[in-house]
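Chain and residue survey
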Amino acid sequence: LWEAEMVKSLLEDAEIFTLLRDENTGTMAPWYTAGGGAGSVKVVVSSLDYDDAITIVAEYENNMRTNK
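Here we summarise the structure given alongside this text. (Residues numbered from 1 in each chain as written. Predicted model: local features only at pLDDT ≥ 70, side-chain atom pairs only at ≥ 80, totals over all residues. Heavy atoms only, no water.)

**A look at the pairing of strand 1 (residues 18-21)**
Two faces, one strand: in a regular strand the side chains alternate between the faces of the sheet. What counts is decided by this rule: For every residue, the accessible area obtained with a 1.4 Å probe (protein chains only) is divided by the maximum for its type, and the residue is called buried under 20%, exposed over 50%, and partly exposed between those limits. Helical segments are the DSSP runs of H or I of at least four residues, strand segments are the runs of E of at least two, and each set is numbered from the N terminus. DSSP-based pairing: two strands are paired if at least 2 bridges between them are found.
The alternating pattern of strand 1 places Thr-18 and Leu-20 on a buried face, while none of Leu-19 and Arg-21, on the opposite face, is buried. Sheet topology places strand 1 next to strand 2 (residues 42-45); 4 bridges connect them, and they run antiparallel. Opposite Arg-21, over in strand 2, you have Lys-42 as the bridge partner.

**Structural notes on the side chain of Thr-18**
Rules: What qualifies as a polar contact is a pair of N or O atoms within 3.5 Å, subject to a donor-acceptor requirement within protein and to the restriction that residues adjacent in sequence count only when both atoms come from side chains. The contact definition used throughout considers only heavy atoms, calling two residues in contact when any of these lie within 4.5 Å.
Among the secondary structure elements, Thr-18 is positioned in strand 1. Only 2.9 Å separates the side chain of Thr-18 from the backbone oxygen of Ile-16, close enough to count as a polar contact. Setting aside chain neighbours within four positions, we find Thr-18 in contact with Lys-8, Leu-11, Glu-12, Val-43, Val-44 and Val-45.

**Considering the pattern of salt bridges**
Note the cut-off: We define a salt bridge as a contact between a side-chain nitrogen of Lys or Arg and a carboxyl oxygen of Asp or Glu at a distance within 4 Å.
All told, the structure shown has 1 salt bridge when counted by the stated rule. Lys-8 is paired through a salt bridge with Glu-12; the nearest N and O atoms lie 2.8 Å apart. Within this pair, Lys-8 and its partner Glu-12 are both found in helix 1 (residues 2-13), separated by 4 residues, close to a single helical turn.

Shown next as structure tokens:
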């Protein structure tokens, strides 16, 4: 959940409207929303903002890998 919230915040800073899906169930019982519980909370954006969102998320993931 914390990582989904971080991504949501980054996207909203870029003025991309964002929703979290399955945040309650995905936190309390992740195996109900995703196989094995991985990726149980989803960040949802409009298809119109998809390309911009992918760029922002890719940059975030790259920064997380290089800062470990």
